[in-house]
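The chain contents come next:
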Amino acid sequence: MLIICNGTFKSGSSWLHAIVLEILKVRNIKLVEIPIKYNPNIKSPTRILEERLPLFLENEDYIKANYLTKLHAFSLRTVKSNYSENVKFLFVFREIKDAIVSHFHHFNLYKKLNLSFERYFRLIGVFKAYEMYLFNKRCKDNFHVDLFFSFENLKKDFSTSVKRLCDIIGVEEITEMEIELIQKNT
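Small disclaimer: the values here were computed from a predicted structure and weren't measured.

## Regarding the sheet that holds strand E3 (residues 87-93)
On the basis of which strands lie adjacent, the open sheet formed by 4 strands has the order E2-E1-E3-E4 and parallel pairing. Strands at the two margins of the open sheet, each flanked by one partner only, are strand E2 (67-71) and strand E4 (148-150). Geometrically, the sheet is characterised by an average inter-axis angle of 20° between neighbouring strands, direction not taken into account. Note that strand E1 (residues 2-7) and E2 share 5 bridges and pair parallel.

Structure (structure tokens):
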């Protein structure tokens, strides 16, 4: 099975990826390392770049082996493709206003700038907000609503969210003690 944790930038996709990784660890479900040819940046949880996803699906045995990756994929080619039942997309979305504030801090930190929020928003944020809107719309238009998790609900009701994740990826009943461990580790 290939599990893809997909979300727009600053939506919680890294956290969703970490949660799924911990679920698999708790249940001793082994993951196969994704070959470097699908993303040469070995430090990234995005182990398959969006443009290399078709190549991965063509060449790797995701029916017998388990793989996990994170993506920020929303091209029409990706979201409109038909996938095997052994490819599990999981989506996380976040209130766009919150994601933009998070992106603002990320942008200033990594670009070593000190832009005001107003200036950031006029120059970059408004375009990032539109990209987030388009990302969420395309994904929601092409995938079942049950595959979507809100960042806010992950925070408010972690236990229910983890149980839903387990149902989708085929992990049997998970205990509250295991859920607490997953929460602690993520």
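## What to know about the nonpolar core
Counting residues in hydrophobic clusters, the biggest one holds 49 residues, and the most contacted among them are Leu-2 and Leu-90. Per-element accounting of this core gives the leading share, 7 residues, to helix H1 (residues 13-26). Residue contacts for Leu-2: discarding those within four places in its chain leaves Ile-48, Leu-53, Phe-56, Leu-57, Tyr-62, Tyr-67, Thr-69, Asn-86, Val-87 and Lys-88.

## Focus: the pairing of E1
Burial within E1 is extensive, with 6 of its 6 residues counted as buried. Neither face of E1 is open: one carries Leu-2, Ile-4 and Asn-6, the other Ile-3, Cys-5 and Gly-7, and all of them are buried. Relative to E3, E1 runs parallel, the two sharing 6 bridges. In the sheet register, Gly-7 faces E3, and the bridge partner there is Val-92.

## Regarding the layout of surface pockets
Taken as a whole, the largest pocket holds about 160 Å³ of empty space. Taken together, Leu-31, Val-32, Glu-33, Ile-34, Ile-36, Ile-42, Arg-47, Tyr-67 and Leu-68 make up the full set of residues lining the largest pocket. Taken together, the residues that form the lining of the largest pocket break down as 7 nonpolar, no polar and 2 charged.

## A closer look at the environment of Phe-148
Its location among the elements puts Phe-148 in strand E4. Residue classification places Phe-148 among the buried residues on the basis of a relative accessible area of 9%. Taking the C-alpha atoms as reference points, Phe-148 and Glu-176, 28 residues apart in sequence, are found 22 Å from one another. With residues up to four places along the chain from it excluded, the contact list for Phe-148 reads Phe-91, Phe-93, Cys-139, Lys-140, Phe-143 and Arg-164.

## Looking at the packing of aromatic side chains
Under the criterion given, the structure shown has 16 aromatic pairs. For the ring pair Trp-15 and Phe-151, a centre distance of 5.6 Å and an interplane angle of 70° mean the geometry is edge-to-face. Taken together, the residues span a long stretch of sequence, with Trp-15 in helix H1 and Phe-151 in helix H6 (residues 151-156) at a distance of 136 residues. Per residue, the accessibility class of Trp-15 equals that of Phe-151, and both read buried. Here the aromatic rings of Phe-91 and Phe-148 are separated by 4.5 Å at their centres, their planes lie at 15°, and the arrangement is stacked. Of the two residues, Phe-91 is situated in strand E3 and Phe-148 in strand E4; the sequence distance between them amounts to 57 residues. Among the residues examined, Phe-91 registers a relative accessible area of 2% and is labelled buried. Among the aromatic residues, ring-to-ring pairing joins Tyr-83, Phe-89, Phe-91, Phe-143 and Phe-148 into one connected group. The cationic tip of Lys-140 hangs over the ring face of Phe-93; the distance from NZ or CZ to the ring centre is 3.9 Å.

## Quick notes on the packing of H1 against helix H7 (residues 158-169)
Axes are the key here: two packed helices are described by the angle between their axes and the distance separating the axes. In contact at an axis separation of 11 Å, H1 and H7 are set at 70° when each is read in the N-to-C sense. Here H1 lies roughly perpendicular to H7, going by the angle between them. Between H1 and H7 the crossing geometry is right-handed. Counted together, Trp-15, Leu-16, Ile-19, Val-20, Ile-23 and Leu-24 of H1 and Phe-158, Val-162, Leu-165, Cys-166 and Ile-169 of H7 form the full contact between these two elements. For the contact of H1 with H7, a count of residues per class yields 11 nonpolar, no polar and no charged.

So, how was this worked out
- Residues numbered from 1 in each chain as written.
- Predicted model: local features only at pLDDT ≥ 70, side-chain atom pairs only at ≥ 80, totals over all residues.
- Heavy atoms only, no water.
- Pairing = 2+ DSSP bridges.
- Helix = DSSP H or I, 4+ residues; strand = E, 2+ residues; numbered from the N terminus.
- Axes fitted to C-alpha atoms, helices over the stretch in contact; angles between N-to-C directions.
- Core = buried A, V, L, I, M, F, W, Y, C linked by side-chain atoms within 4.5 Å.
- Buried < 20%, exposed > 50% of the residue type's maximum accessible area, 1.4 Å probe, protein only.
- Contact = heavy atoms within 4.5 Å.
- 1 Å grid on protein atoms, 1.4 Å probe; cavity = no way out; pocket = protein on both sides within 12 Å on 5 of 7 lines; lining within 4 Å.
- Points joined across faces, edges and corners; volume = space filled by probe spheres on them.
- Nonpolar A, V, L, I, M, F, W, Y, C, P; charged D, E, K, R; others polar.
- Phe/Tyr/Trp six-rings, centres within 6.5 Å; stacked < 30°, edge-to-face > 60°.
- Lys NZ or Arg CZ within 6 Å of the ring centre and 35° of its normal.
- Parallel < 35°, antiparallel > 145°, perpendicular 65-115°, else oblique.
- Left-handed = near helix turned anticlockwise from the far one by under 90°.

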